[in-house]
Amino acid sequence: MTRTLRNWSGSVWSHPQTLHTPSTDAEIQDIVTTAAEQGQRVRVRGAGHSFTPVATSNDQLLQLDRLSGLISADANAGRARFRAGTRLRDIPALLAAHGLALPNQGDVDPQALAGAVSTGTHGTGLAFTGFAGAVTALTLIDATGTRRELSPTREPELFDHARLSLGVLGVLTEIELMCVPAFDLIACETAEPFDEIRSSIVDRARAADHIEFYWFPHSERAAVKTNTRISPGAQAPAELAHVTYRPAWLRMLSEEVVDNAALAAICALGARMPALVPHFNRLATAAVSNRAYRAAAHEVFVSPRRVRFNEMEYAVPLASGPEVLAEIARTIASRGWKISFPLEVRVAAADDVPMSTASGREVMYIAVHRYVEEEWEPYFRTLEDILLAAGGRPHWGKLHRLGYRQLAERYPRFEEFCALRESLDPAGMFSNDYTDTLFIRPGHG
């Protein structure tokens, strides 16, 4: 029976003939070989947090929630191996018993690990790559149903590309990641003039472990979050000695009432009374700033996101970021839009993952959002032109309008990736209509 599945924002629908929930590699191998015999396509669905149709299927769809958990951990080597369906939110507890933690995380954690790796999920900090850059080994089931162990020394070319592949090279069933000793973060959240943080963000990113900021359009100030890494229980530097561990009740009050409930009210009212948006945005910047706290790393990196939105995010060369932000601000002001949702600005180290948005260069990530009840396309498309002109690369799980030709211009190894995909899966079994627009040259499908 065909069923309907929606993504997190409700903007993408999938109608698979069959939704499989395998718990072993052998089950996946059987599904793949049967699909190949029947000429059907197979896609893998994670948590539905992508804003594009990347994980949709009208044929066979896999959900890997039953293929989850920690396989092994080696504190001395700083490695941990997980089943691919493990949710990011479960990883901190799985690693805690081994005294380990992920080196970095993004600001949400419902995603399946395979989805996070395969679409380029990232956090912030110039000393850290996204998830794909932290992968040290993989297990992949290919289009023939063969189980392949991949690493820098075992099928290195395939490993290189499979670290970030949008699922078009095969089904990932195990993922090994670099880990670090468990650590705390001291978070300092401040409201600062937008032009000052925009101009200084590159220098500040080089001096801080982690930094990001949120700018509500129509406000002259931005909410800046700076995180300092510290060993659990260690004494903080003198300038941060006043910061204490945050009680659970205060965390809930801050995240659920101040951040989410207030933002939900602002967005809902703004959608109905756009003229009030600038006033609301100025209040919002003050509400989410001017606080400091200490907690285990994952508790600081991650914040609940209850307010639904659509999102576009681009990675631009780091040095170009400040001027790109200035042009975006000028454009919003000149168009007369009333934008209630903040822009999010983060940074990341260069990596060597061929299809990574940070491949070969340090980047600034600029993410724009629109509340689900508001039209996003005119806003996103106008800003997308600015981001593209700066050499930006779109986040693979977020909205963009690029296809094969435009992507090939932005990734030095794009043609190499597409050739590998075609050789591994000539029938395109692990693709869908959307990924075809990304990886198949027009007229060659």
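Residues numbered from 1 in each chain as written. Predicted model: local features only at pLDDT ≥ 70, side-chain atom pairs only at ≥ 80, totals over all residues. Heavy atoms only, no water.

- The name that an unreviewed UniProt entry assigns to the protein is FAD-binding protein, with the source organism given as Brevibacterium luteolum.

### Quick word on helix α10 (residues 377-389)
- With 13 residues, α10 ought to run about 18 Å at 1.5 Å a step, and its terminal C-alpha atoms sit 18 Å apart, in line with that.
- Turning to α10, its buried residues are Tyr379, Phe380, Arg381, Thr382, Leu383, Glu384, Ile386, Leu387 and Leu388.
- Looking at the packing, one finds that the buried side of α10 touches β17 (309-317), α9 (321-335), β18 (343-348) and β19 (363-371).
- Looking one or two places after α10, you find Gly391, whose phi comes out positive at around 85 degrees. (Helix = DSSP H or I, 4+ residues; strand = E, 2+ residues; numbered from the N terminus. Expected span 1.5 Å × (residues − 1). Buried < 20%, exposed > 50% of the residue type's maximum accessible area, 1.4 Å probe, protein only. Contact = heavy atoms within 4.5 Å.)

### As for the nonpolar core
- Counting residues in each nonpolar core, the largest one holds 103 residues, and the members touching the most others are Ile175, Phe213, Trp396 and Phe439.
- Looking at this core element by element, the count peaks at 6 residues for α10.
- Two domains share this core, each providing at least three of its residues, namely domain 1 (70-181) and domain 2 (184-394).
- The contacts of Ile175, once residues within four sequence positions are left out, are Ala80, Arg81, Phe82, Ala84, Leu113, Ala114, Val117, Val135, Ala137 and Leu138. (Core = buried A, V, L, I, M, F, W, Y, C linked by side-chain atoms within 4.5 Å. Domains from an automatic or database assignment.)

### Brief notes about the sheet that holds strand β3 (residues 18-20)
- Strand order in the open sheet formed by 3 strands is β3-β5-β4, with parallel pairing between adjacent strands. Edge positions in the sheet fall to β3 and β4 (42-45), since each of these pairs with one other strand and no more. Each adjacent strand pair in this sheet contributes to an overall mean axis angle of 30 degrees, direction not counted.
- One ladder, built from 4 bridges, connects β4 with strand β5 (residues 60-63); its direction is parallel. Paired with Val42 across the strands is Gln60, a residue of β5. (Pairing = 2+ DSSP bridges. Axes fitted to C-alpha atoms, helices over the stretch in contact; angles between N-to-C directions.)

### So, the domain arrangement of the protein
- We note that the domain assignment places domain 1 (70-181) and domain 2 (184-394) within the protein.
- Centre-to-centre, using C-alpha coordinates, domain 1 lies 25 Å away from domain 2.
- Contact residues are listed per partner, giving 23 residues for domain 1 and 29 residues for domain 2.
- Both faces considered, domain 1 and domain 2 share a buried interface measuring about 2,200 Å² in area, 58% of it formed by carbon and sulfur atoms.
- It is Asp107, Thr124 and Leu126 that lose the most area in domain 1 upon contact with domain 2, and together they represent 35% of the buried surface on that side.
- Scanning the region where domain 1 abuts domain 2 turns up 1 salt bridge.
- Our count for the contact surface shared by domain 1 and domain 2 stands at 10 residue pairs in polar contact (both at pLDDT 80 or more).
- Of the residues contributing to the side of domain 1 that touches domain 2, the split by class is 9 nonpolar, 10 polar and 4 charged. (Buried area = accessible area lost by both parts, 1.4 Å probe. Salt bridge = Lys/Arg side-chain N within 4 Å of Asp/Glu carboxyl O. Polar contact = N/O pair within 3.5 Å; in protein donor to acceptor, adjacent residues only side chain to side chain. Nonpolar A, V, L, I, M, F, W, Y, C, P; charged D, E, K, R; others polar.)

### Some thoughts on helix α5 (residues 194-207)
- Spanning 14 residues, α5 covers 19 Å between terminal C-alpha atoms, matching the ideal 20 Å at 1.5 Å per step.
- Where α5 bends most, the angle comes to about 60 degrees, and this point is Ile201.
- Restricting attention to buried positions, one finds in α5 the residues Phe194, Ile197, Arg198, Ile201, Val202 and Ala205. (Bend = angle between axes of the 7 residues up to and from the residue.)

### Side note on unusual backbone geometry
- Residue Leu166 is not a glycine yet carries a positive backbone phi of 55 degrees.
- Looking at where Leu166 falls in the secondary structure, it is placed in the loop between α4 (156-162) and β11 (171-178).
- Under the relative-accessibility criterion, Leu166 is labelled buried at 4%.
- You will see that His218, though not glycine, has its phi angle at about 80 degrees, which is positive.
- Looking at where His218 falls in the secondary structure, it is placed in the loop between β14 (210-215) and β15 (221-230).

### A few points about the sheet that holds strand β9 (residues 135-141)
- The sheet built from 5 strands is open, its strands ordered β6-β7-β11-β9-β10 with antiparallel pairing. Looking along the sheet, the strands with just one partner apiece sit at the ends: β6 (70-74) and β10 (147-150). The average angle at which neighbouring strand axes cross in this sheet is 10 degrees, direction not considered.
- Helix α1 (residues 25-38) contacts β9, β10 and β11 of the sheet and is inclined by roughly 50 degrees relative to β9.

### Concerning the UniProt feature "domain: FAD-binding PCMH-type" (unreviewed entry) in the protein
- Following the UniProt record, one finds the feature "domain: FAD-binding PCMH-type" (unreviewed entry) at residues 12-182.
- Its end C-alpha atoms 37 Å apart, residues 12-182 is made of 20% helix and 27% strand. (UniProt positions renumbered as here; feature names shortened; annotations may be inferred.)

### Concerning the packing of α9 against α10
- Two elements in contact, α9 and α10, have axes separated by 10 Å at closest approach and are oriented at 145 degrees. In the crossing of α9 with α10, the sense of the turn from one axis to the other is right-handed. Listed contacts from α10 to Val324, Glu327, Ile328, Thr331, Ile332 and Arg335 of α9 are Tyr379, Thr382, Leu383, Ile386 and Leu387.
- Residue composition of the contact of α9 with α10, by class: 7 nonpolar, 2 polar and 2 charged. (Left-handed = near helix turned anticlockwise from the far one by under 90°.)

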